[in-house]
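Commentary on secondary and tertiary structure
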Amino acid sequence: MSGFFHSQPALRHVLRILSCLLLAASCGFAPVLPASAANTWLGRPVGEVLREWQGRGLTLIYNDRLVSPSMRVQQEPEAASGVALLDEILAPHGLKLQPMGQDVWSVVAAGTRDKSDRPARADARLDTIVVTASRYVLASEDLGVSTVLVQDELRALPKLADESLRAVHRLPGAASNGVSGLAHIRGGEENETEVVLDGMPLSEPFHLKNFFSPVSVLDAEIVGAMDVYAGGFPVHYGDRMSAVIDVRSIEPPVDGMRAIGASLYHTNGIAGGSFDDTRGRWLLSGRRSNLAEVINLINSNLGEPKYLDSFSKVEYDFSEATTAALHLLVVNEHLRVNNSQETEYSKVGDNSAYVWGTAEHRWSERLSGSVLLSYTNIDTDRDGTVDDPGKRVGYVHDHRSFTATNLSLELQQGDDELLFRYGVDLGLLNAHYAYASRLDVSAGEPWPDSPASVTVRQSNLQPDGNQTGAFLSGRWRMTDRLTAELGMRWDDQTWDRVDGGTQLSPRLNLRYDPTDRTELRASWGRFHQAQGINELQLEDGIDTFFPAQRADHLILSAEHALENRIHVRLEAYYKDYEELRPRFENQFDPLVLIPELQTDRIQVAATSGSVRGLELLLNRRNAGPWAWWLSYTWSQADDDIGGDEVRRSWDQTHSFNAGLNWINGAWDVTLAGTWHTGWPTTPVRLGEAPPGEVPPVVVGERNATRFDAFKSVDLRVAYTFALEKSELLTFVEFTNLLAQKNACCVEYAVRDAGGGVYALDRDVDDWIRFAPNIGVLWRF
């Protein structure tokens, strides 16, 4: 893997393409320079005009869904400059500038009610007040105190493989290795985070899920809004005990949108529009991987990773009170991958489909409801071999399929003083497993005194059952400055091999606003996570389901908006784990193709654990062309194993994240950096032995030492060319720009040093050393 990203031929190829794009004249493009005040505005792209005034120091917030590339200035404005001029330009398109704070303006639909960036008060709707702590808005049309990044800033972030969910890695409390698409949120496992798209929980939301899940099934161009709950989330979210990423797809503009793009990682296209006098809206997107072509281009024998995904939706307003929608997400991938020594080979085929329909109806101002009906089908085949003569020989055949039919009903009732929300979830699920593996390990592997061993596993299971849940919450505006929310969730699972039992999850959230610029929050809650019917650990010899795991969260949060548009958030949290099920890890080298056929595979038999931490986040946006953020986290994540506290393998005591964004006219540049304490690892040494004999290898206390600190600086540079009736976004970005060595894996070998002396060699491998990307997006 590291050889692919560090390939010199690949870098030269990228730089050749980059030079063509940036030297616009040689590629047939001409950069559009900001017009002087004397030039006419008539006929110019509206987006270009907005960027020009941003470059002149006016703070503007907008997205290309409202301001599409096809929009042109329809008449010469009478105003000479500033907000008045822009209002005249926007008005024919049904848009206006809305004040969001001191010298901050947002482009919104003309009918939008004015608001500021101050916390909600008695004039705000009760259902819009953010009561829950640890909520971060990572993509939004609106700017609020809880907003970390708006849509355009999310797009501007440097992110490996064009992956928008990697923005979560920039949040305080997120632990990431730089490869996996999902982070460990506040000490939890990666699978403790739920990803939701337009109300639909996605069971397996990542491509290459057997290879660190580096890319989600969500094309970055369809992401319209993203809320991240790092803990303490409301009761209508269930079956996860650490975090929720709630993604909502974009709403296409009424006059339509089209875009096609290509990068080293993907080729993608998106189109959308409206019909029936804007009562209906549609969106269609598709994306395929370019990695196989890039690997072939650089003459690598690593394999052929191929995948594609497609998302579509249709919405229709049957009346002012009733809206229905139909969504479809289809995923396909086929991979053939070798390791660099060509001793391991893996082939994976995966087909997934999610189809869901939703309907929303408002009977009155006090009563509304929604329904979601969904069907999920996931089918995966995985085959692999290990052929390292004299050391290891083995194979794996793994077929898994999973279907689920779910129905969710929800009602919301109340007014701006007291609001109730209640609902039920019903699911029918079944799965099929056909698993077989064998591993023959020769004597002397992995250590000189290791005996030969044979491990054979075979299972053929067809579990089925149902999953039910119900929740009730009440939100009460006790005073103009104090709001409380109390909720209870009930869940039950009955697969045919175990009675999962009933789980009750009470949750309480409080919000108090002592001043117009300060918000104080407190959250306590219980969160359960059942083992999914598609999550049997057959690869590690476990063919039964475990009862639901449990985590209790306690969170205290303070947030303040300073006069100079700097927002400060401080949070302290404690998470107590109980009834944990065993997990399995590769102790020394997690970066492998077939984890269960490795000799360092171990069971982590923790039944409880705890995580505690303190997070500080500062961010400032729209200070002329500049925006920045800075965060620091102190945390400690432990497992309780036999009464001993053992650091989790992703524990990082200290972590810093920082970023700087500069926008000037058509230029958009973002520099981001990450530093955190090195992750734990297990020490190994040679024991004592008589002269001339091979000493035994002594494996020390698990996770008792650490790798060196993780460091990465990432850069993205984008430039937008304004064409006749469209625009072309070009970008280049670098992950780990400085090629820092961030240790991931260790390999040990006992060597005869001569003269009856033996030495233990330690070879350290790294996560991604350097990953370039270059791409274009044509909006027309």
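So, how was this worked out
- Residues numbered from 1 in each chain as written.
- Predicted model: local features only at pLDDT ≥ 70, side-chain atom pairs only at ≥ 80, totals over all residues.
- Heavy atoms only, no water.
- Helix = DSSP H or I, 4+ residues; strand = E, 2+ residues; numbered from the N terminus.
- Buried < 20%, exposed > 50% of the residue type's maximum accessible area, 1.4 Å probe, protein only.
- Contact = heavy atoms within 4.5 Å.
- Areas by Shrake-Rupley, 256 points an atom, 1.4 Å probe, with all protein chains shown as cover.
- Pairing = 2+ DSSP bridges.
- pLDDT = per-residue confidence, 0-100.
- Phe/Tyr/Trp six-rings, centres within 6.5 Å; stacked < 30°, edge-to-face > 60°.
- Lys NZ or Arg CZ within 6 Å of the ring centre and 35° of its normal.
- Core = buried A, V, L, I, M, F, W, Y, C linked by side-chain atoms within 4.5 Å.
- Salt bridge = Lys/Arg side-chain N within 4 Å of Asp/Glu carboxyl O.

**Here's the deal with the overall build of the chain**
- Of regular secondary structure, the chain possesses seven helices and 44 strands.
- Taking all 780 residues of the chain together, 54% fall into the buried category.
- Long-range pairs, those at least 24 residues apart, make up 64% of the contacts in the chain between residues at least 6 apart in sequence.
- Summed over its atoms, the accessible surface of the chain is roughly 31,700 Å², and 56% of this surface lies on carbon and sulfur atoms.

**Digging into the pairing of strand S18 (residues 344–362)**
- Sheet analysis places strand S17 (residues 322–338) next to S18, joined by 17 bridges and oriented antiparallel. Directly across from His327, in S18, lies its bridge partner Trp356.
- Turn length for the S17-S18 hairpin, with the two strands adjacent in sequence and antiparallel, is five residues, and the turn residue Glu342 shows positive phi of about 60°.
- In terms of strand pairing, S18 meets strand S19 (residues 367–388) through 19 bridges, oriented antiparallel. Directly across from Gly357, in S19, lies its bridge partner Leu373.
- The antiparallel pairing of S18 with S19 creates a hairpin that spans four residues between the two strands.

**Description of the confidence of the model for the chain**
- Of the residues in the chain, 86% reach a pLDDT of 70 or more, and the chain-wide mean stands at 86.
- Contacts from residues 113–123, a stretch scored under 50 in pLDDT, to residues over four places away or in other chains number 35 contacts.
- In this model residues 141–147 is a low-confidence stretch, pLDDT under 50, and it forms 26 contacts with partners more than four residues away in sequence or in other chains.

**Some points on the packing of aromatic side chains**
- Applying the stated criterion to the full structure yields 18 aromatic pairs.
- Relative to Phe721, the ring of Tyr719 has its centre 4.9 Å away and its plane inclined at 65°; by these criteria the two rings are edge-to-face.
- For Tyr719, a relative accessible area of 7% gives the class buried.
- Residue Phe721 is classed as buried on the basis of its relative accessible area of 2%.
- Grouping aromatic residues by their ring pairs yields a cluster made of Tyr229, Phe233, Tyr237 and Phe527.
- When the ring centre of Tyr577 is taken as origin, the NZ or CZ atom of Arg648, which lies over that ring, is 4.6 Å away.
- Between Arg716 and the ring centre of Phe731, over which it is positioned, the NZ or CZ distance is 4.2 Å.

**Description of the nonpolar core**
- The biggest cluster of nonpolar side chains holds 90 residues, and the ones touching the most others in it are Leu202, Met226 and Leu329.
- Here this core gets six residues from one element, more than from any other, and that element is strand S21 (residues 418–441).
- Counting 18 residues, the second-largest nonpolar core is a separate cluster that includes Trp41, Val49, Met71 and Leu90.

**Some remarks on the pattern of salt bridges**
- As enumerated under the stated definition, the model contains 48 salt bridges in all.
- Notably, a salt bridge pairs Glu204 with Lys209, separated by 2.1 Å at the nearest N-O pair.
- Given the relative accessible area of 25%, Lys209 is considered partly exposed.
- For Glu304, the salt bridge is made with Lys306, and the minimal N-O distance between the two is 3.7 Å.
- Among the charged side chains, a salt-bridge network with shared partners connects Arg186, Arg511, Asp513, Glu519, Arg521, Glu559, Arg569, Glu571 and Glu615.

**Digging into unusual backbone geometry**
- Residue Pro446 is reached from Glu445 by a cis peptide bond, and omega for that bond is 5°.
- For Pro446, the location among the structural elements is in the loop between S21 and strand S22 (453–461).
- The phi angle at Asp277 is positive, at roughly 60°, despite the residue not being glycine.
- Position of Asp277 relative to the elements: it lies in the loop between strand S14 (266–275) and strand S15 (280–289).
- Of the residues examined, Asp277 reaches a relative accessible area of 68% and is grouped as exposed.

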